[in-house]
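What follows is the residue order along each chain.
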Amino acid sequence: LEFDGITWTLYPAPNGAIIRAVAVDQQNRVFTAGYRELGFWERNELGRLEYHSLKQEVEQNFTTNEEFWNVITQQDHVYFQSFSKVYIYNYQKFEVVRPEGFINSISDGGNCIFVNIMDKGIYQLSGTNLLSYLVDPVFNSREIRFVLSLSGKKLIGTSNGGLLLYDGKSLVPWPVDQTAYFKKNLINRGCISPDGRIIIGTILDGVSIFDQHGQLLQRFNKENGLQNNTVLGVIADKSQNTWVALDKGIGFISS
C-alpha cells in the first residue's frame, strides 16, 4: 500500500504472494519479501511502482516453506531474514548466511546488522561471518524481537521477557516498573522516533511510548483509538508522527 497524504494505492504482489516485510533504500527502491518471494519495486515513467523479482537468483537456497519476516536496507546492502538464513544482497549478487539456530529477527545496528538467535542471544554480522555480540543464558526461551541503540547502549525487546538495557557489561530490565506489563502483553516491535521517543508495540495491548529515561508518556490501544491491539509493525516519520501496522488496519498517531 502506498499513501500520498490523500489517496491509498494498492500494488498487488506477484501471483498473490504474501508480503511480510518492506524496506526502502536510499534510491527510493522499495524492497519486499514474504512467502518464497523477494524483490524490489521501482517507479516507471508514469510514476507507478513496478515489481522486479530477485527470486530466480537465490531460489536454489530456499527450503520448501521458506518465508521472509524482515528486510533491512543499509548503505549498499539489503538483508532479507528467514527463520533459518540471512540473504545479503549487494545489488549485484546474493550471499547466504546460515547460522546454527532459529533466527527470531534481525536488527539494524547502525554500522552493523544484529542477528538474534533463539535460546542463544545476539550475534553481529561482519561480511558473511557471524560474531558473538551478547550470548547469555537470560535469552533461553526468550524471543528477541529487536535491538535498538539508545544513548550509547542497546535496548533489547524480548517477546516474553520485557525490555532489557545493555551497557556493554550487564543486562538490566528497562524500565523496571514496566517489566510485568510487557511480560503479560508480549513485545513484538519497537523503534526510536527522530526526537528520541521509544515506541514499543505489543501483541495484546497496542503501543506504549516512553522518553529516554523510561518514563511512560502515552499508551494507545483499542480502548482509546486503535482498531486492534496486535501491533505487527511500528515506525515514526520525519514529522514525529507514529504509524502502526495492526492485525486489523493501519493506525496513525499524530505528534
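A few points on the structure. All figures in this text were calculated on a predicted structure; none of them were measured in a lab. (Residues numbered from 1 in each chain as written. Predicted model: local features only at pLDDT ≥ 70, side-chain atom pairs only at ≥ 80, totals over all residues. Heavy atoms only, no water.)

## Remarks on the sheet that holds strand β6 (residues 49-53)
If you trace the four strands from one edge of the open sheet to the other, you get β3-β4-β5-β6, paired in antiparallel fashion. The two strands at the open ends of the sheet, each matched to only one other strand, are β3 (19-24) and β6. Ignoring which end each strand starts from, the neighbouring axes of this sheet average 25° apart. Pairing geometry for strand β4 (residues 30-34) and strand β5 (residues 37-43), over five bridges, is antiparallel. Considered in β5, the bridge of G34 is made with E37. (Pairing = 2+ DSSP bridges. Helix = DSSP H or I, 4+ residues; strand = E, 2+ residues; numbered from the N terminus. Axes fitted to C-alpha atoms, helices over the stretch in contact; angles between N-to-C directions.)

## Some points on the nonpolar core
F31, L38, V71, F80 and F94 are the most contacted members of the largest nonpolar core, which has 16 residues in total. Discounting residues that sit within four places of it in the chain, V71 has contacts with A21, V22, A23, F31, A33, V78, Y79 and F80. F146, L165, F182 and F210 belong to the second largest nonpolar core, which has 13 residues in total. (Core = buried A, V, L, I, M, F, W, Y, C linked by side-chain atoms within 4.5 Å. Buried < 20%, exposed > 50% of the residue type's maximum accessible area, 1.4 Å probe, protein only. Contact = heavy atoms within 4.5 Å.)

## Focus on the pairing of strand β10 (residues 94-97)
As a general feature of sheets, a regular strand has side chains that alternate between the two faces. As defined by bridge partners, strand β9 (residues 86-89) adjoins β10 across four bridges and the pair is classed as antiparallel. Residue V86 lies in a different strand from β10, and its bridge partner there is V97. In this structure, the hairpin formed by β9 and β10 is closed by a connection of four residues, where Y91 is found at a positive phi of approximately 75°.

## Observations regarding the pattern of salt bridges
The final tally for this structure, using the stated rule, is eight salt bridges. Between E66 and K85 there is a salt bridge; the shortest N-O distance is 3.3 Å. Taken together, the residues span a long stretch of sequence, with E66 in the loop between α1 (55-58) and β7 (68-74) and K85 in the loop between β8 (77-82) and β9 at a distance of 19 residues. The class of K85 is buried, set by a relative accessible area of 6%. Where R145 meets E143, a salt bridge forms, and the shortest distance between an N and an O atom there is 3.8 Å. (Salt bridge = Lys/Arg side-chain N within 4 Å of Asp/Glu carboxyl O.)

## Brief notes about the sheet that holds strand β24 (residues 242-246)
Strands in a sheet are paired, the pairing made by backbone hydrogen bonds, and the direction either parallel or antiparallel. Spatial strand order, β23-β24-β25: three strands in an open sheet with antiparallel pairing. A single partner strand is all that each edge strand has here, and the edge strands are β23 (231-236) and β25 (250-253). Put simply, the sheet's adjacent strands are angled 15° from each other on average, direction ignored. Note that β24 and β25 share four bridges and pair antiparallel. The residue of β25 that forms the bridge with V244 is G251.

## Some thoughts on unusual backbone geometry
Residue P175 is reached from W174 by a cis peptide bond, and omega for that bond is -25°. At N28, a position not held by glycine, the phi torsion is positive, near 65°. In this fold, N28 is placed in the loop between β3 and β4. Judged by relative accessible area, N28 falls into the exposed class, the value being 58%.

Coordinates in, geometry out; function isn't part of it.
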